[in-house]
Amino acid sequence: MFSRSGRIESIEGDALITEIGTVVLENPVMLASGTAGHGTELSSSIDLSSLGALVVKSLAPYEWQGNNSPRLHETPSGMINSIGLQGPGLQYWMEETLPKLKSEKVNVVLSIWGRTLADYVLAAEMCSNLPEEIVAVELNISCPNIENRGEMFSHSTESTRSVIEATESITKPRWVKLSPNVTNLVEIAASAKEAGAEAVTLINTLMGMVIDIDERKPLLGGGGGGLSGPAIRPVAIRSVYEVRNALPDFPIVGVGGVASFEHVLEFMMPGASAVQIGTANFANINEFGCDYNQTSLVCAIDHEKPHNSCAYQLFKPSGPIAILPLPGNRSSIVWTEDNKTAAFITQLNKKDYIANLNSKINLDKFFSFFKIYIHNSTKIGGYYPSNYEIDD
């Protein structure tokens, strides 16, 4: 029933060696673009060199600020995001971030995006002499977070082909990440193959929206967003199945709701050559074992292994700090190891980090309240330092 073409094959006795077209990886597990940062942000939590590859967050040939906050929201079976492809640009990444990935011996899949064909041409020119650590380039032509997302390149065979032709100067294998928000996915995948793509990544996020019923408007700052996580896995698996049946010799990388080895097998049985883990990367990654919020996203930062995260770089703490987003991702607190100071973050930009840096609260009082909040799932409006006992 299932085609074996493109599945994991054993090379020199190693059963995990994986072939995706001409790309050979030590195993079939990658971290998906947009879920593991631009570089070594997760290196204190995982040995990045143990992965088949790390697909970095998509980069344009210029710096891009992204969408207004809120940018993330948890859904019953996953999350919805409207990040808007924020990034430092290809040149900065190559000069400042790529050397760190090379030093940690990470296999990298570089993801690029653009708003116009000219952007893709420019990005391709900047990728004309990539180092061996970059094993492939993934063309992100399907992200629903950019302006005029109704005109996404991945929504037609013609525009998909045009992007691949515009990036012909890239000498590394090109993978094309496609959108599930179409009725002719197989035809679009076929056009990608004919235009010169070596593999296809299935799938990107499903377009969705969450409404704030109190404010009577979309909750995310960008309006709509991309739904990811376990909820979209059946859609992703059907996409893999249909494209494999129609194009048995076209390698497929499966992505969408992968969170266990069973899910990996579920993608590979209908024909995926490898998988990418996305939303699952955000779940319970606190190295310090904080029990204040086991149901939300927690990120602990160890000062002995500095991250590239904006919070660490902006706060420059003398010891470990931790970041704990409040439910709904509308604001966050940051506290230090000595528990003497904390700061509320109400926006995802540098100005607001700095503006809230000097706010102090009674942490014991806050944590006591916060645990009740989590356990009771009580809805709260906006909470700021003035809601708590302020230390002078």
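Higher on the page you've got the structure.
Parameters and conventions
Residues numbered from 1 in each chain as written. Predicted model: local features only at pLDDT ≥ 70, side-chain atom pairs only at ≥ 80, totals over all residues. Heavy atoms only, no water. Helix = DSSP H or I, 4+ residues; strand = E, 2+ residues; numbered from the N terminus. Buried < 20%, exposed > 50% of the residue type's maximum accessible area, 1.4 Å probe, protein only. Contact = heavy atoms within 4.5 Å. Areas by Shrake-Rupley, 256 points an atom, 1.4 Å probe, with all protein chains shown as cover. Axes fitted to C-alpha atoms, helices over the stretch in contact; angles between N-to-C directions. Parallel < 35°, antiparallel > 145°, perpendicular 65-115°, else oblique. Nonpolar A, V, L, I, M, F, W, Y, C, P; charged D, E, K, R; others polar. Pairing = 2+ DSSP bridges. Left-handed = near helix turned anticlockwise from the far one by under 90°. Salt bridge = Lys/Arg side-chain N within 4 Å of Asp/Glu carboxyl O.

A. Representation of the overall build of the chain within the structure. Summing up its helical and strand segments, the chain has nine helices and 20 strands in all. Burial status across the chain gives 53% buried among its 392 residues. Contacts in the chain between residues far apart in sequence, at least 24 positions, make up 65% of those at least 6 positions apart. Approximately 17,900 Å² of the chain is accessible, and the part contributed by carbon and sulfur atoms is 50%.

B. Representation of the packing of helix α5 (residues 233-246) against helix α6 (residues 261-268) in the model. Between α5 and α6, whose axes approach to 9 Å, the crossing angle comes to 30 degrees. As the angle between them shows, α5 and α6 are arranged roughly parallel. Contact residues: R233, A236, I237 and V240 in α5; H263, E266 and F267 in α6. Its residues assigned to classes, the contact of α5 with α6 comprises four nonpolar, one polar and two charged.

C. Molecular detail of the sheet that holds strand β10 (residues 199-202). Taken together, the eight strands give a closed barrel; going around it, the order is β3-β4-β7-β8-β9-β10-β15-β16, and neighbouring strands pair in parallel fashion. Direction aside, the axes of adjacent strands within the sheet are offset by 25 degrees on average. Pairing between strand β8 (residues 134-140) and strand β9 (residues 174-177): four bridges, direction parallel. Its bridge partner lying in β9, E138 is registered against W175.

D. Here's a closer look at the sheet that holds strand β5 (residues 72-75). Read from one edge of the open sheet, four strands run β5-β6-β14-β11, paired in antiparallel fashion. Both edges of this open sheet fall to β5 and β11 (206-208), since each of them pairs with a single strand only. Between one strand axis and the next, the sheet turns by 35 degrees as a mean value, whatever way the strands run. Pairing analysis gives three bridges linking β11 to strand β14 (residues 225-228), with the strands arranged antiparallel. Residue L206 lies in a different strand from β14, and its bridge partner there is L227.

E. Inspection of the packing of helix α3 (residues 157-166) against helix α4 (residues 185-195) at higher detail. In contact at an axis separation of 9 Å, α3 and α4 are set at 25 degrees when each is read in the N-to-C sense. Here α4 runs roughly parallel to α3, going by the angle between their axes. α3 and α4 meet at a crossing whose hand is right-handed. Listed contacts from α4 to T157, T160, R161 and I164 of α3 are E187, I188, S191, A192, E194 and A195. Along the lines of polarity and charge, the residues of the contact of α3 with α4 split into four nonpolar, three polar and three charged.

F. Layout of α3. All of the buried residues in α3 are S159, T160, S162, V163, I164 and A166. Summarising the contacts, the buried residues of α3 are in contact with α2 (117-126), β8, β9 and α4.

G. Representation of the pattern of salt bridges within the structure. Applying the stated rule across the entire model yields three salt bridges. Across the pair E194 and R161 runs a salt bridge whose closest N-O atoms are separated by 3.0 Å. A residue pair is termed long-range when its members are at least 10 positions apart, and E194 in helix α4 and R161 in helix α3 qualify at 33 residues. Judged by its relative accessible area of 58%, E194 is exposed. With a relative accessible area of 27%, R161 lands in the partly exposed category. Across the salt bridge formed by R238 and E242, the nearest N and O atoms sit 2.7 Å from each other. Placement of both R238 and E242 in helix α5 is noted, with a separation of four residues, approximately one turn of the helix. Overall, E242 belongs to the partly exposed group, its relative accessible area being 30%.

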